[in-house]
Amino acid sequence: MGKKSDVEDADLHCYIFDPLGKIEIEGFQALRITKKTATDEEAIKKIGEAFRKVKDTKIIFSFKDLLQAEIILFMNSFFKVWKPSNCMIFVDEVQDITPNQHLGGDYAEDFERAVRHWRNENCGFVIATQRPSFCSTKVLALTDFLILGRITWKQDKKYIEELVSDMLTEQETENLMQRIQTMGFLRGYSLDFKT
């Protein structure tokens, strides 16, 4: 028999929120959130309460073909009720969940609250974006681990350069900025703010 991976050995609860409905990972169960569910606050409350009892799981919340406002309604309602501990929470396309408020659009305040407070419950947050300048600076500043896709827009490059300038030397920052602009499809760069 082959050796289990470290992830399988770890007693880690992992929840992925996928606004585009594209993520598939072996060993994870996908929970498709439909428009009907995403706009029914009572149904979301029941899901949140049920997930309070769920342990030892790996779940992908998949939001395929939902509008940003529908996803925000789900996120706010779910995060008001759900109370996890000892887990990792991964959010893809975080700029759609907590956009830079100067740009308008709906905003998941309860998700931001979770990012701010749930580390006291040993919850880590991993977020991913290709448009960091479109994301709330409050959420980016509080995240534990940031995954960036290829960055090509001027305002996004400037934003990342400012974000890493205190963590990296001038040469390391320059190397990062060169690499991050030429990454291929589905390639990313990670920033671990814990180290």
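Conventions we followed
- Residues numbered from 1 in each chain as written.
- Predicted model: local features only at pLDDT ≥ 70, side-chain atom pairs only at ≥ 80, totals over all residues.
- Heavy atoms only, no water.
- Helix = DSSP H or I, 4+ residues; strand = E, 2+ residues; numbered from the N terminus.
- Rg over C-alpha atoms; globule rule 2.2 N^0.38 Å.
- Buried < 20%, exposed > 50% of the residue type's maximum accessible area, 1.4 Å probe, protein only.
- Contact = heavy atoms within 4.5 Å.
- Areas by Shrake-Rupley, 256 points an atom, 1.4 Å probe, with all protein chains shown as cover.
- Lys, Arg positive; Asp, Glu negative; His and termini not counted.
- Charge placed at Lys NZ, Arg CZ, Asp CG, Glu CD.
- Axes fitted to C-alpha atoms, helices over the stretch in contact; angles between N-to-C directions.
- Parallel < 35°, antiparallel > 145°, perpendicular 65-115°, else oblique.
- Left-handed = near helix turned anticlockwise from the far one by under 90°.
- Nonpolar A, V, L, I, M, F, W, Y, C, P; charged D, E, K, R; others polar.
- Arc of directions from axis to C-beta.

A. Just the overall build of the chain, in detail. Looking only at helices and strands, the chain has 8 helices and 7 strands in total. What you see for the chain is a C-alpha radius of gyration of 17 Å, in line with the 16 Å of a compact globule of 195 residues. Taken over the C-alpha atoms alone, the chain extends approximately 50 × 50 × 30 Å along its principal axes. Residue burial in the chain is summarised as follows: out of 195 residues, 44% are buried. Taking all contacts inside the chain whose residues are at least 6 apart in sequence as the whole, residues at least 24 apart take part in 74%. On the chain, roughly 11,300 Å² of surface is accessible, and the fraction owed to carbon and sulfur atoms is 50%. In the chain, 27 positive and 31 negative side-chain charges are present, and the distance between their average locations comes to 3 Å.

B. Spatial organisation of the packing of helix α3 (residues 41-53) against helix α4 (residues 68-81). For the pair α3 and α4, interaxial distance at closest approach is 8 Å and the crossing angle is 40°. By the angle between their axes, α3 is oblique relative to α4. Remark: the crossing between α3 and α4 carries right-handed chirality. Judged by residue contacts, Glu41, Ile44, Lys45, Ile47, Gly48, Glu49, Phe51 and Arg52 of α3 engage Leu73, Phe74, Ser77, Phe78 and Val81 from α4. A per-class count over the contact of α3 with α4 returns 7 nonpolar, 2 polar and 4 charged.

C. Representation of helix α8 (residues 170-180) in the model. Among all positions of α8, only Thr173, Leu176, Met177 and Ile180 are buried. The buried residues of α8 occupy an angular sector of 95° when projected down its axis, which confines them to one face. Check the buried side of α8 and you find it contacts β6 (145-148), α7 (154-164) and β7 (189-192).

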